[in-house]
Amino acid sequence: MPTLLVIEASPRYDYSTSRKLTAVFIDRWNAENPGGDVIVRDLMKTNLPFVDLPWIMGAFTPAETHSPEATAAIKVSDDLVAELKSADQVLIGTPMFNFSIPAVLKAYIDHIVRVGVTVSADNKGLLTGKKANIILATGGDFSPGSPVEQYNLASGYLRQVLGWIGIVDVDLVLAGRARAGDYGEKAVEEFGAVVSAGVNKNAASLAAAS
């Protein structure tokens, strides 16, 4: 049975457009994948540490030389990488913060991008054969052709970092104007069908691969 890993990054919870859209995606994914497993990694509840010296020592020195601090630091990364490796499909739901991504999502990325673990020493992604979907909610309109399209650094960055670790099959929904309406309901209504359509496409590709 397929496994979907959902990574949530919004601090707004019930008021979050990205979380409402990931819920639409999950509901449709469950319908298309009966018996499938959904793992939710809520970064707002995970309390991830930022990369520090013990983490670096844990990642780049032999395990037998690790201090207790290095062992503990790299275990966080090891657990997140194992969770990611177990997934057939990854769904990232995030708002745009200041043209990029929230710090909690960047911290997660820093934990799962590791030489020799998710990317080879010669820069080849090791997590191949996975599908990723990104739901990026923005307060303004950063869609192609808008006056501020070029300020959207988040879309390109997320595609690039996923591709770096081998996940090149990526669909992105840019849910713009999320401030419109009460708590983003208009954005959810507008983009919900797009999110559901992406699930259908994913189900077909998973069935073809199985």
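Use the structure listed above.
Residues numbered from 1 in each chain as written. Predicted model: local features only at pLDDT ≥ 70, side-chain atom pairs only at ≥ 80, totals over all residues. Heavy atoms only, no water.

S.K.: Hey, could you run me through the environment of Ile112 in this one?
M.R.: Note that Ile112 resides in helix α5 (residues 103-112). Here Ile112 falls in the buried class, since its relative accessible area comes to 5%. Taking the C-alpha atoms as reference, Ile112 lies 9.2 Å from Ala82; in sequence the two are 30 residues apart. Excluding residues within four positions of it along the chain, Ile112 makes contact with Leu80, Val81, Leu84, Thr118 and Ile165. (Helix = DSSP H or I, 4+ residues; strand = E, 2+ residues; numbered from the N terminus. Buried < 20%, exposed > 50% of the residue type's maximum accessible area, 1.4 Å probe, protein only. Contact = heavy atoms within 4.5 Å.)

S.K.: Sorry if this is basic, but what is going on with the packing of aromatic side chains here?
M.R.: By convention here, two paired aromatic rings are described through the distance between centres and the angle between planes. Overall, the coordinates contain two aromatic pairs when judged by the stated rule. Considering the side-chain rings of Phe99 and Phe142, the 6.3 Å spacing of their centres and the 70° angle between planes classify their relative orientation as edge-to-face. Taken as a pair, Phe99 in the loop between β3 (89-95) and α5 and Phe142 in the loop between β4 (131-137) and α6 (153-164) lie far apart in primary sequence, 43 residues in all. Given a relative accessible area of 39%, Phe99 falls into the partly exposed group. Residue class for Phe142 comes out buried when judged on its relative accessible area of 10%. (Phe/Tyr/Trp six-rings, centres within 6.5 Å; stacked < 30°, edge-to-face > 60°.)

S.K.: Help me understand a nonpolar patch on the surface in this model?
M.R.: Taken together, the side chains of Val51, Leu53, Ile56, Met57, Phe60 and Val115 define a hydrophobic patch exposed on the protein surface, amounting to about 570 Å² of accessible area. Mapping Val51 onto the fold places it in the loop between α2 (43-46) and α3 (53-60). (Patch = residues over 30% accessible without salt bridge, like charges linked within 9 Å, V, L, I, M, F, W, Y side chains within 5 Å. Areas by Shrake-Rupley, 256 points an atom, 1.4 Å probe, with all protein chains shown as cover. Salt bridge = Lys/Arg side-chain N within 4 Å of Asp/Glu carboxyl O.)

S.K.: What is the right way to look at the side chain of Ser77 in this model?
M.R.: Looking at where Ser77 falls in the secondary structure, it is placed in helix α4 (residues 68-85). On the accessibility criterion, Ser77 (0% relative accessible area) is buried. The residues contacting Ser77, other than those within four sequence positions of it, are Trp55, His111 and Arg114.

S.K.: Looking at this model, I keep getting lost on the packing of α4 against α5. Mind explaining?
M.R.: In a packed pair of helices, the relevant descriptors are the angle between the two axes and the axis-to-axis distance. Two elements in contact, α4 and α5, have axes whose closest approach is 8 Å; the angle formed by their N-to-C orientations is 90°. Overall, the two elements α4 and α5 adopt an arrangement that is roughly perpendicular. Residue-level inspection shows Val76, Ser77, Leu80, Val81 and Leu84 of α4 in contact with α5, the latter providing Tyr108, His111 and Ile112. The residue makeup of the contact of α4 with α5, split by class, is six nonpolar, two polar and no charged. (Axes fitted to C-alpha atoms, helices over the stretch in contact; angles between N-to-C directions. Parallel < 35°, antiparallel > 145°, perpendicular 65-115°, else oblique. Nonpolar A, V, L, I, M, F, W, Y, C, P; charged D, E, K, R; others polar.)

S.K.: For this particular structure, what's the right way to read the environment of Leu48?
M.R.: Within the element layout of this structure, Leu48 appears in the loop between α2 and α3. According to the relative accessible area criterion, Leu48 is buried, its value standing at 15%. Apart from residues no more than four positions distant in its own chain, Leu48 is found in contact with Leu43, Val76, Leu80, Val104, Ala107, Tyr108 and His111.

S.K.: It is not clear to me how unusual backbone geometry should be interpreted in this structure. Could you clarify?
M.R.: For Tyr13, which is not glycine, the phi torsion reads 50° and is therefore positive. Secondary-structure assignment places Tyr13 in the loop between β1 (3-8) and α1 (17-32). Under the relative-accessibility criterion, Tyr13 is labelled partly exposed at 32%. The residue Asn123 is not glycine, and still its phi comes out positive at about 65°. Tracing the backbone through its elements, the reader meets Asn123 in the loop between α5 and β4. Overall, the relative accessible area of 47% leaves Asn123 in the partly exposed class.

S.K.: Just checking my understanding: could you explain empty space enclosed by the protein for this structure?
M.R.: Empty space among the atoms becomes visible once a probe the size of a water molecule is rolled across them. Scanning the entire structure with this criterion turns up one cavity of 30 Å³ or more. The computed volume of the largest cavity comes to approximately 100 Å³. Contributing to the lining of the largest cavity are Ile7, Leu84, Val90, Ile92, Leu105, Tyr108, Ile109, Ile112, Leu158, Val161, Leu162 and Ile165. For the lining of the largest cavity, the elements supplying multiple residues, two or more each, are β3, α5 and α6. (1 Å grid on protein atoms, 1.4 Å probe; cavity = no way out; pocket = protein on both sides within 12 Å on 5 of 7 lines; lining within 4 Å. Points joined across faces, edges and corners; volume = space filled by probe spheres on them.)

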